[in-house]
Amino acid sequence: MGSLLGALLGGIVSEVTSLIGSLGQQQTNGLSLLGTLLLPIIPFFLTNNPLPNGFPWGLLTDSATNPYVDYPRTGVTRTFDFTISRGFLAPDGYQRPVLLVNGAFPGPLIEANWGDKIIVNVHNNITGPEEPTSMHWHGFLQQGMPWEDGAPGVTQCPISPRKSLKYEFVASLYGTAWYHAHYSAQYSAGVQGPIIVHGPTKSKYDIDIGPIILSDWYHLAYFDIIKGILLPGGNPRVFSDNNLINGKMNFDCSTVAAGDNTPCTNNAGLSKFKLQTGKKHRLRLINSGADGVQRFSIDGHTMTVIAEDLTPVEPYNTPVVTLGVGQRTDVLVTANAGGPKSAFWMRSNLTSCTSARQPYALAAVYYDQADTSKAPTSNAWNVPDPGNCANSDLSISKPLYPMAVPDPAFTQTMVIDFFRNASNIALWRLGGVSARVDLSSPSLFDVNQGNLSFPIEQNVLNFGSNSSVRIVVNNKSPTAHPMHLHGHNFYVLHEGDGDWDGSIVRPSNPMRRDVQQVRGGGHLVIQFDANPGVWPFHCHIAWHAAGGFLSVFVVEPDKVQQMHIPDTIQQTCRDWSAWTAVNVVDQIDSGA
Ligand SMILES: *[C@@H]1O[C@H](CO)[C@@H](O)[C@H](O)[C@H]1NC(C)=O
Ligand SMILES: *[C@@H]1O[C@H](CO)[C@@H](O)[C@H](O)[C@H]1NC(C)=O
Ligand SMILES: *[C@@H]1O[C@H](CO)[C@@H](O)[C@H](O)[C@H]1NC(C)=O
Ligand SMILES: *[C@@H]1O[C@H](CO)[C@@H](O)[C@H](O)[C@H]1NC(C)=O
Ligand SMILES: *[C@@H]1O[C@H](CO)[C@@H](O)[C@H](O)[C@H]1NC(C)=O
């Protein structure tokens, strides 16, 4: 740790003796109750009877049921209404313009049972000025309905200002997921929230604590950050200002630049969690940040990992969980580190290979009889940061439902590199192309019409009828990247320094997930079984995706051609054409 950072953190921690925040919940997080002790345990996150309709998965289990085929068809629909609007919040005490779902940061929880249908009516109420949006349901497979994926320029046109789109999709996998805007880097301004899909679990626990959202945080508006990167001579290295747990952290306002008169309050208030002494709790960790890799821990407690992304895994114990952007980890924590009056720090550290001004997030964990106005005094785990921004060793993560990786029908190698184009603009390339989507002409629509010729800048790869495709990613940049593929839970075959040596970690049952880190100068080998559709494959660092770090996979186009895209989705393009006829879209970035 640098001495400057050390001094800053020392300042923050030594100031925290009382945990009575100086700002009200409405000022820091709007209508969100996450991170407060006001959060209702019932009916949310109730383990014994998660939702009306009980356990509709019957005899299906997490170890013996193939979730890609045999999910329950419950016939139950959960409906949500999301209005996206502008607002001003001070999550860490520094007030800034934000974009919010239903006035809340983090956004409202979507909760369903495995096999339910989820309907979300998304209303674009972003005005003053108007701005388009679009919502992605991260981790959902969207089998047979790729148009529900929410990627503008790929599966739909953006939702125009003052227009709405009804998304309708199936919770065919279960566990912890999230939603976020997929228009430019908009989600980093607050358009994001958690999703819980209840399903079978072999590892029993007593209480579901619900989502614990970890996110780096920026004081500058997202479009100003993008402009700073993508103007000629721009600086691609962006420093986050803070690190939040469930949208909260304190900030040292004395570090605000001279001349910046933005309202700033010290000691805004931290997130608080309550554990029942002796009981086993499920915590659902989500890295919803724009850039940083998180290392999460709770003083005095080891955690038992039971799921990574939407894959239940053989339980394993660890004091620290590492999450790249977009990744989720479900852990069990037993409150047995002291008596009922005990209190502990929860910590999430942005790793040393992340650009962060204040990398250390804190929250308070109280056993049932602890004084919740006092700050914990516990000592941190000291598990050295390996400094490579890699995920934990693949050999440790073993899916509960085993699947051997098939022989690939095709192998594609893709190089990641960074360059400056002839206009001196800093861009990323994936497979030799820096991508830019056409917001007015989604590639899914073209494929559906049988048109498979795309301009090079859309970076489309057509995998035809290949049943299983292996992707070898060679990272020629010194930076680590969280690689995300839409519409699939891919096999992670290998990851490490330098080039791939051809070996596979546990071919009889490799890890499966929807985001995996590739380290700087390293390689990542994944494989996916075809799910017909048109799917983005990209770095989940918001600033990198904006800088062209994206490609679009066309999977089984013959089947896509047989699909019928609903009129509601097609309407987004008619609305878009009307809106862009009188508004200029400042698409300085890749668009997705
Ligand atoms: C729409 O946005 C405006 C301005 O930001 C806000 O005042 C209004 O409450 C929003 N409407 C809804 C339904 O959220
Ligand atoms: C997180 O950062 C704090 C503050 O520097 C440090 O004391 C702690 O050891 C770190 N946690 C881990 C797991 O490394
Ligand atoms: C460089 O990239 C930017 C952003 O994609 C683009 O607008 C510009 O035209 C490019 N310059 C050249 C010379 O290709
Ligand atoms: C096929 O799609 C591309 C990309 O949208 C478009 O540029 C081209 O005009 C289309 N071709 C035909 C024949 O429609
Ligand atoms: C598999 O994908 C490759 C790469 O796009 C393509 O050239 C090939 O024709 C595909 N094979 C089949 C059977 O579609």
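These numbers come from a predicted model, not from an experiment.

Around ligand 3, the neighbouring residues are N421, A422, S423, I425 and L427. Taking N421, its side chain carries an N or O atom lying 2.3 Å from an oxygen atom of ligand 3. Contact between ligand 3 and S423: a nitrogen atom at 2.6 Å from a side-chain N or O atom of the residue. A total of 370 Å² of accessible area belongs to ligand 3 in isolation, and the protein chains cover 49% of it.

Taking 1.5 Å per residue, 16 residues should reach 22 Å; helix α7 (residues 567-582) reaches 23 Å between its end C-alpha atoms and fits that length. Within α7, the full set of buried residues consists of I569, T572, C573, D575, W576 and W579. Each buried residue of α7 sits inside an arc of 165° when the element is viewed along its axis, so together they form one side. Facing away from the buried side of α7 by over 90 degrees, the exposed positions are A581 and V582. Elements in contact with the buried residues of α7: β6 (164-170) and α4 (443-448).

On to the UniProt feature "domain: Plastocyanin-like" (unreviewed entry) in the protein, then. As recorded in UniProt, the sites labelled "domain: Plastocyanin-like" (unreviewed entry) are residues 89-200, 211-369 and 442-558. Overall, residues 89-200 shows 0% helix and 40% strand. The separation of its end C-alpha atoms is 38 Å.

All right, on to the sheet that holds β6 then. Read across the open sheet, the 4 strands follow the order β2-β1-β4-β6; overall the sheet is mixed. In the strand order of this sheet, the two ends are held by β2 (96-101) and β6, each with one partner. Within this sheet the neighbouring strands show an average axis-to-axis angle of 20°, counted without direction. Both strand β1 (residues 77-89) and strand β4 (residues 117-125) contribute to a ladder of 9 bridges, which runs parallel. By the bridge assignment for β4, D81 is matched with N121.

Definitions and cut-offs
- Residues numbered from 1 in each chain as written.
- Chains lettered and ligands numbered in written order.
- Predicted model: local features only at pLDDT ≥ 70, side-chain atom pairs only at ≥ 80, totals over all residues.
- Heavy atoms only, no water.
- Near = heavy atom within 4 Å.
- Polar contact = N/O pair within 3.5 Å; in protein donor to acceptor, adjacent residues only side chain to side chain.
- Areas by Shrake-Rupley, 256 points an atom, 1.4 Å probe, with all protein chains shown as cover.
- Helix = DSSP H or I, 4+ residues; strand = E, 2+ residues; numbered from the N terminus.
- Expected span 1.5 Å × (residues − 1).
- Buried < 20%, exposed > 50% of the residue type's maximum accessible area, 1.4 Å probe, protein only.
- Arc of directions from axis to C-beta.
- Contact = heavy atoms within 4.5 Å.
- UniProt positions renumbered as here; feature names shortened; annotations may be inferred.
- Pairing = 2+ DSSP bridges.
- Axes fitted to C-alpha atoms, helices over the stretch in contact; angles between N-to-C directions.

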